[in-house]
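These are the residues of each chain, in order.
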Amino acid sequence: DWSSDVCSSDLDRGLGADAMTAYTHSLAQNDPLFAVVSGFFNAYLTKAGGLDRYATPESKLVSVGDAYQSATLSELSATATPSPTPGDGETVRVLAHVIAITSQYAPTELLYPLTLTGVGGRWTVASIDRAPVMSTSNDPVPIVTSSASK
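**Some points on the overall build of the protein**
When helices and strands are counted, the protein shows one helix and seven strands. A buried classification covers 32% of the 150 residues belonging to the protein. For the protein, long-range pairs separated by at least 24 residues make up 59% of all intrachain contacts whose partners lie at least 6 apart in sequence. With an accessible surface of roughly 9200 Å², the protein has 52% of that area assigned to carbon and sulfur atoms.

**Observations regarding the pairing of strand 5 (residues 107-119)**
Pairing analysis gives 11 bridges linking strand 4 (residues 91-101) to strand 5, with the strands arranged antiparallel. Counted as the bridge partner of Thr91 is Thr117 from strand 5. The turn linking strand 4 back onto strand 5 is made up of five residues, and Tyr105 within it adopts a positive phi angle of 65 degrees. From the end of strand 5 to the start of strand 6 (residues 122-128), which pair antiparallel, there are two residues, and Gly120 there has a positive phi angle of about 60 degrees.

**A short note on the nonpolar core**
In terms of nonpolar packing, the biggest core is built from 29 residues, with Phe40, Phe41, Leu45, Val98, Leu114 and Leu116 touching the most fellow members. Elements supplying a minimum of two residues to this core: helix 1 (32-45), strand 3 (70-78), strand 4, strand 5 and strand 6. The greatest single-element share of this core, amounting to nine residues, is contributed by helix 1. Setting aside residues no more than four positions away along its own chain, Phe41 makes contact with Thr46, Ala71, Ala96, Val98, Tyr112 and Leu114.

What counts and how
- Residues numbered from 1 in each chain as written.
- Predicted model: local features only at pLDDT ≥ 70, side-chain atom pairs only at ≥ 80, totals over all residues.
- Heavy atoms only, no water.
- Helix = DSSP H or I, 4+ residues; strand = E, 2+ residues; numbered from the N terminus.
- Buried < 20%, exposed > 50% of the residue type's maximum accessible area, 1.4 Å probe, protein only.
- Contact = heavy atoms within 4.5 Å.
- Areas by Shrake-Rupley, 256 points an atom, 1.4 Å probe, with all protein chains shown as cover.
- Pairing = 2+ DSSP bridges.
- Core = buried A, V, L, I, M, F, W, Y, C linked by side-chain atoms within 4.5 Å.

Distances and angles like these do not, on their own, reveal function.
In structure tokens form, the structure reads like this:
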């Protein structure tokens, strides 16, 4: 029984820490990269189709079909300022905040770390990353609850 190993006072020491990500550059909706990522999620998460316009063949990504009725990119940030016209092989890492609507009309917030690469002067999705890029220049910020200050 785990409760014999943990005192109730141990549970009141806080919730952990906020670790900062490395996505420090917010991208506006009129940024070309925002349009690519927005189109990618519409093709990837809905039955809209056309994923091949947004993802590299090497990514081996396939659409999840009609998992959601719609997918809207609400926020996009990058680890560096992306070039409007990337060179072949140029990469940028982004963190996408997506609002997807289920078949029951329930909004679902999704968060995707992506790597994009330049191909023929335009950005394409190279991969959905396993984890977001974490900052190496910021220490984690402890989360302190009011009960932790006792």
